[in-house]
Amino acid sequence: MSGRRRRSKVLEKLKRREQRYEKERMMLTKDLSSERAVLEEVFDRSTLMTIYRLMNKGVIGEIYGSVKAGKESKLYWGKDKEGNNLAIKIFLTVSAEFKKGMLVYIQGDPRFTGVRRDTRSLIYLWAQKEFKNLHSAFEAGVSVPKPIAVLRNVLIMRFIGENGIGAPLLREISLKNPGKIYRQVLANVKRLYRKAGLVHADLSEYNVMIWKGKPVLFDVSQAVSRKHPMANEFLLRDLENMIRYFKRLGVAVPPIEELFKKVTGNVKS
Ligand SMILES: Nc1ncnc2c1ncn2[C@@H]1O[C@H](COP(=O)(O)OP(=O)(O)O)[C@@H](O)[C@H]1O
Ligand SMILES: [Mg+2]
């Protein structure tokens, strides 16, 4: 085949693919309600295709409005085909700054050696990592939202809250018995460390929800294996945040060294 012929074949193929995408995109738009028209404006084509695939697979039945919009991700409320509530976390393209920040939590974790470093691959990895961490934590009996599925930059988990309103964050709620919540948070941190072998690494009053009187830890994309070279530092920082928060609420908290020992025990890292 001549170079020219080959080129025109490739172009034809691309055009067909382009048309197929366009058709799928139209279908997506067509059966989309007004909220979903908003999705169109917010997400790039690849993200729309991912959402579309999850709908075709039957993982997502409906998507409603956005619950929270962070800098790096957006959280949507949705339902599966049976009407169960879903939290749909969509990771967005990130700045070079954030990319640098992400690498700290990936390099050094034995689970992620030899990963690709381009931005898109990193975002996909970041979503997989959150899914994996959620899964290990959930299996270990840690109070976290149950993971359901992950595809590219879209993570689906159980929705914590009601009617599309997310449960309040620890920082937003006035606790009747802060001592009890403190002990439950600590018990979860300990279980996460010992049974799941993980350190949350971004634990604060922003990443704990209170639902039905109990804490739910979430936002675990940056959680690392306790074998990560900085795991101890991350754990100390997590514990410091909890000490600071609960101390202000009048809870008698032990010194950090004692807490650290309580969590790690004689686990060899
Ligand atoms: N499973 C969930 N159910 C209900 N709301 C959630 C769930 N996961 C996260 N959220 C809400 O979405 C917000 C952003 O989620 P988070 O995972 O913390 O993303 P970010 O990495 O942008 O901080 C949270 O502050 C919380 O209010
Ligand atoms: Mg968060």
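In what follows, the accompanying structure is described.

What counts, and where the lines are drawn
Residues numbered from 1 in each chain as written. Chains lettered and ligands numbered in written order. Predicted model: local features only at pLDDT ≥ 70, side-chain atom pairs only at ≥ 80, totals over all residues. Heavy atoms only, no water. Helix = DSSP H or I, 4+ residues; strand = E, 2+ residues; numbered from the N terminus. Donors = N, O, S within 2.8 Å, 3.2 Å for Na, K, Ca; no water. Buried < 20%, exposed > 50% of the residue type's maximum accessible area, 1.4 Å probe, protein only. Arc of directions from axis to C-beta. Contact = heavy atoms within 4.5 Å. Phe/Tyr/Trp six-rings, centres within 6.5 Å; stacked < 30°, edge-to-face > 60°. Near = heavy atom within 4 Å. Polar contact = N/O pair within 3.5 Å; in protein donor to acceptor, adjacent residues only side chain to side chain. Areas by Shrake-Rupley, 256 points an atom, 1.4 Å probe, with all protein chains shown as cover. 1 Å grid on protein atoms, 1.4 Å probe; cavity = no way out; pocket = protein on both sides within 12 Å on 5 of 7 lines; lining within 4 Å. Sits in = over half its atoms within 2 Å of the grid points. Patch = residues over 30% accessible without salt bridge, like charges linked within 9 Å, V, L, I, M, F, W, Y side chains within 5 Å. Salt bridge = Lys/Arg side-chain N within 4 Å of Asp/Glu carboxyl O. Lys, Arg positive; Asp, Glu negative; His and termini not counted. Charge placed at Lys NZ, Arg CZ, Asp CG, Glu CD.

**Overview of the environment of Asp 118**
Inspection of the secondary structure assignment puts Asp 118 in the loop between helix H4 (96-106) and helix H5 (119-139). Expressed as a C-alpha distance, the spacing of Asp 118 and Lys 99, which sit 19 residues apart in the sequence, is 9.3 Å.

**Digging into the coordination of the magnesium ion (ligand 2)**
The coordination sphere of the magnesium ion (ligand 2) contains the protein donors Asn 207 (OD1) and Asp 219 (OD), at a distance range of 2.1 to 2.4 Å. Taken together, the positions of Asn 207 in the loop between strand S8 (198-199) and strand S9 (208-211) and Asp 219 in the loop between strand S10 (214-217) and strand S11 (224-225) put the pair 12 residues apart, joining distant regions of the chain. With respect to burial, Asn 207 and Asp 219 carry one shared label: buried.

**Examining helix H8 (residues 256-264)**
Along H8, the residues that are buried comprise Ile 256, Leu 259, Phe 260, Val 263 and Thr 264. All buried residues of H8 project into a common sector of 120° when viewed along the axis, lining one side. For H8, the exposed residues lying more than 90 degrees away from the buried face are Glu 257 and Lys 261. The secondary structure elements touched by the buried residues of H8 are helix H6 (178-194) and helix H7 (231-248). Positioned one or two residues after H8, Gly 265 has a phi angle of 55°, which is positive.

**A short note on the environment of Tyr 182**
Along the polypeptide, Tyr 182 turns up in helix H6. Residues Tyr 182 and Phe 246, 64 residues apart in the sequence, show an inter-C-alpha distance of 6.7 Å. Discounting residues that sit within four places of it in the chain, Tyr 182 has contacts with Phe 246, Val 251, Val 253, Pro 254 and Leu 259.

**Some words on the packing of aromatic side chains**
Tallied over the entire structure, the rule returns six aromatic pairs. Aromatic side chains Trp 77 and Phe 159 sit 6.4 Å apart centroid to centroid with 50° between the ring planes, which places their arrangement in the tilted category. Of the two residues, Trp 77 is situated in strand S2 (residues 73-79) and Phe 159 in the loop between strand S5 (154-158) and strand S6 (161-162); the sequence distance between them amounts to 82 residues. Neither Trp 77 nor Phe 159 differs from the other in exposure class; each is buried. Centroid distance Tyr 105 to Trp 126: 6.5 Å. Interplanar angle 65°. Geometry classified as edge-to-face.

**Regarding the site of ligand 1**
The immediate surroundings of ligand 1 are formed by 15 residues, with Lys 68, Lys 89, Arg 158, Ile 160 and Asp 219 found nearest. In the environment of ligand 1, an oxygen atom lies 3.1 Å from a nitrogen or oxygen atom belonging to the side chain of Ser 73. Ile 160 is positioned with one of its backbone polar atoms (N or O) 2.8 Å from a nitrogen atom of ligand 1. Protein contacts shield 87% of the accessible area of ligand 1, which totals 550 Å² for the unbound molecule. Put simply, ligand 1 lies in the largest pocket.

**Focus: unusual backbone geometry**
Its identity as a non-glycine residue notwithstanding, Asn 163 has a phi of 50°, on the positive side. In this fold, Asn 163 is placed in the loop between S6 and strand S7 (165-166).

**Quick look at a positive patch on the surface**
Positive charge collects at one region of the surface, where Lys 176, Lys 180, Arg 183 and Lys 214 lie side by side. Inspection of the secondary structure puts Lys 214 in strand S10.

**Some remarks on the pattern of salt bridges**
Two side chains of opposite charge can pair, provided their charged atoms sit close to one another. Enumeration according to the criterion identifies five salt bridges in this entry. Across the pair Asp 44 and Arg 120 runs a salt bridge whose closest N-O atoms are separated by 3.9 Å. Placement of Asp 44 in the loop between helix H2 (34-42) and helix H3 (45-56) and of Arg 120 in helix H5 is noted, with a sequence separation of 76 residues between them. The exposure class of Asp 44 is partly exposed, given its relative accessible area of 32%. Here Asp 109 makes a salt bridge to Arg 111, at a shortest N to O gap of 3.0 Å.

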